[in-house]
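So the chains spell out like this:
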Amino acid sequence: MAVLIDSVAEPRRPRHPEKAHRPDQPVLPKPDWIRVKAPVSSGYLETQRIVRANGLYTVCEEASCPNIGECWDKKHATFMIMGDTCTRACAFCNVKTGLPGPLDPAEPEHVAEATAKLGLTHVVVTSVDRDDLDDGGAAHFAAVIRAIRGRCHKTTIEVLTPDFLRKDGAAEIVVAARPDVFNHNLETVPSKYVTVRPGARYFASIRLLQRVKEIDSEIFSKSGIMVGLGEQRNEILQVMDDLRAAEVDFLTIGQYLQPSRKHHPVMRFVPPDEFKELAAIAYAKGFSMVSASPLTRSSHHAGDDFARLKANRTSRR
């Protein structure tokens, strides 16, 4: 469980002020298949040092990812740009909520430098939601992509963007910078948006993914959902159909894990066999690549998955 007090800021303030006065939610005991080892390796510590030295944030830390020990040991990190404070207040997310500060114009170069020092062959860049910006941060995403391209010529780039809700032209700006993968997560099924992702709109997210393919049909598109939030099986299958209608190539499905008692409760821990069944169905519906397991996250094994995704596309032509 994550704490709800931000111990860095002074004076001490709630990490999630909008959740501070909510009643505590029940916490289900984790099954054996959800356990992970504590991060203690030398590789983990070296990754941490490089991230700190460049003044960067990672979604691995801010979102309390269970795979941080494994990924950082291999010097794989997902950079979270545009600060550590999000303008949304999703019920599932551990990223801090509040009014963000100004963008750091040096951040693109810092991300590129860290990418080079970590020796990344595939880098994932995500961000907080920045509803306060006219373009939702699209130009900053593009600047980061260009900086990485300039410093690390052979590194492939995956962006995991917010929904750019009501930010006309944002998708065009990001796609014009030519990332290799454009990822935007639906997170959950439409019926759960009001309680799980209240600041977003399901069909706006679908439309964003569809628009990306309209702009550049060759770009790889990707999206993901969490399960265990109370969704029904038929709703998951409908999401798959909606994503295929938007020509999304890659689907990820992972178990929702509750960051604290103030967050949305886990309604069910989905057993590994059900993830295998969902993966088989998704492939049958036409996805080129599917990653589905209890600990699957958008950026987990992203480089290896991208290599398989490219190979799958080539084999189909």
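The rules behind the values
Residues numbered from 1 in each chain as written. Predicted model: local features only at pLDDT ≥ 70, side-chain atom pairs only at ≥ 80, totals over all residues. Heavy atoms only, no water. Helix = DSSP H or I, 4+ residues; strand = E, 2+ residues; numbered from the N terminus. Rg over C-alpha atoms; globule rule 2.2 N^0.38 Å. Buried < 20%, exposed > 50% of the residue type's maximum accessible area, 1.4 Å probe, protein only. Pairing = 2+ DSSP bridges. Contact = heavy atoms within 4.5 Å. Axes fitted to C-alpha atoms, helices over the stretch in contact; angles between N-to-C directions. Left-handed = near helix turned anticlockwise from the far one by under 90°. Nonpolar A, V, L, I, M, F, W, Y, C, P; charged D, E, K, R; others polar. Core = buried A, V, L, I, M, F, W, Y, C linked by side-chain atoms within 4.5 Å. Expected span 1.5 Å × (residues − 1). Arc of directions from axis to C-beta.

Engineer: Help me out: how do you make sense of the overall build of the chain in this one?
Structural biologist: Within the chain, the regular secondary structure consists of 11 helices and 12 strands. Scaling as 2.2 N^0.38, a compact globule of 317 residues should have a C-alpha radius of gyration of about 20 Å, and the chain matches this with 18 Å. Along the longest, intermediate and shortest principal axes, the C-alpha atoms of the chain span 50 × 45 × 40 Å. The proportion of buried residues among the 317 residues of the chain is 54%.

Engineer: It is not clear to me how the sheet that holds strand β4 (residues 78-81) should be interpreted in this structure. Could you clarify?
Structural biologist: Working definition: the strands of a sheet are paired by backbone hydrogen bonds and lie parallel or antiparallel to each other. An order of β3-β4-β7-β8-β9-β10-β11-β12 is seen for the eight strands of this open sheet, with the pairing classed as mixed. Since the sheet does not close on itself, it has two edges, and those belong to β3 (57-58) and β12 (289-292), each with one partner. Judged from the six bridges that link them, strand β10 (residues 220-227) and strand β11 (residues 250-255) form a sheet pairing that is parallel. By the bridge assignment for β11, Met 226 is matched with Gly 254. Contacts between helix α4 (residues 107-118) and the sheet are confined to β4 and β7 (122-127), with β4 contributing the most and set at about 170 degrees to the helix.

Engineer: Explain the packing of helix α9 (residues 233-245) against helix α10 (residues 272-284) to me, please; I cannot follow it from the model alone.
Structural biologist: The description of two packed helices rests on the angle between their axes and on the distance between the axes. The contact between α9 and α10 brings their axes to 10 Å, and the two run at 35 degrees. Seen along the crossing, α9 lies across α10 with a hand that is right-handed. Residue-level inspection shows Arg 233, Ile 236, Leu 237 and Met 240 of α9 in contact with α10, the latter providing Glu 277, Leu 278, Ile 281 and Ala 282. The residue inventory of the contact of α9 with α10, partitioned by class, reads six nonpolar, no polar and two charged.

Engineer: Looking at this structure, how should I read the nonpolar core?
Structural biologist: What tends to happen in soluble globular proteins is that the nonpolar side chains get buried as a cluster. The biggest cluster of nonpolar side chains holds 44 residues, and the ones touching the most others in it are Trp 72, Phe 79, Phe 141, Ile 148, Val 174 and Phe 182. Among the elements that make up this core, the one with the highest residue count is helix α5 (residues 138-151) (seven residues). Here Trp 72 is in contact with Gly 43, Tyr 44, Thr 47, Gln 48, Val 51, Thr 58, Cys 60, Glu 61 and Ala 77, once residues within four sequence places are set aside. Judged by nonpolar contacts, the second largest core, of 25 residues, contains Leu 186, Tyr 202, Leu 209 and Phe 287.

Engineer: Is there a simple way to explain unusual backbone geometry in this structure?
Structural biologist: For residues other than glycine, phi is negative in most cases, and the peptide bonds are mostly trans. One non-glycine residue, Arg 166, adopts positive backbone phi at about 65 degrees. Here Arg 166 is to be found in the loop between β8 (156-160) and α6 (170-176). Even without being glycine, Glu 247 reaches a positive phi, approximately 65 degrees. Here Glu 247 shows up in the loop between α9 and β11.

Engineer: Help me understand helix α1 (residues 42-53) in this model?
Structural biologist: At 3.6 residues per turn, the α-helix brings residues three or four places apart onto the same side. Taking 1.5 Å of rise per residue, 12 residues should cover 16 Å, and α1 covers 16 Å from first to last C-alpha, within 8% of that figure. Of the positions making up α1, those classed as buried are Gly 43, Tyr 44, Thr 47, Ile 50 and Val 51. All buried residues of α1 lie within an arc of 130 degrees about the axis, which places them on one face of the element. What points out from α1, more than 90 degrees from its buried face, is the exposed set Ser 42 and Ala 53. Taken together, the buried residues of α1 touch β3, α3 (68-73), β4 and α4.

In short, the description is geometric, and any link to function would need to be established separately.
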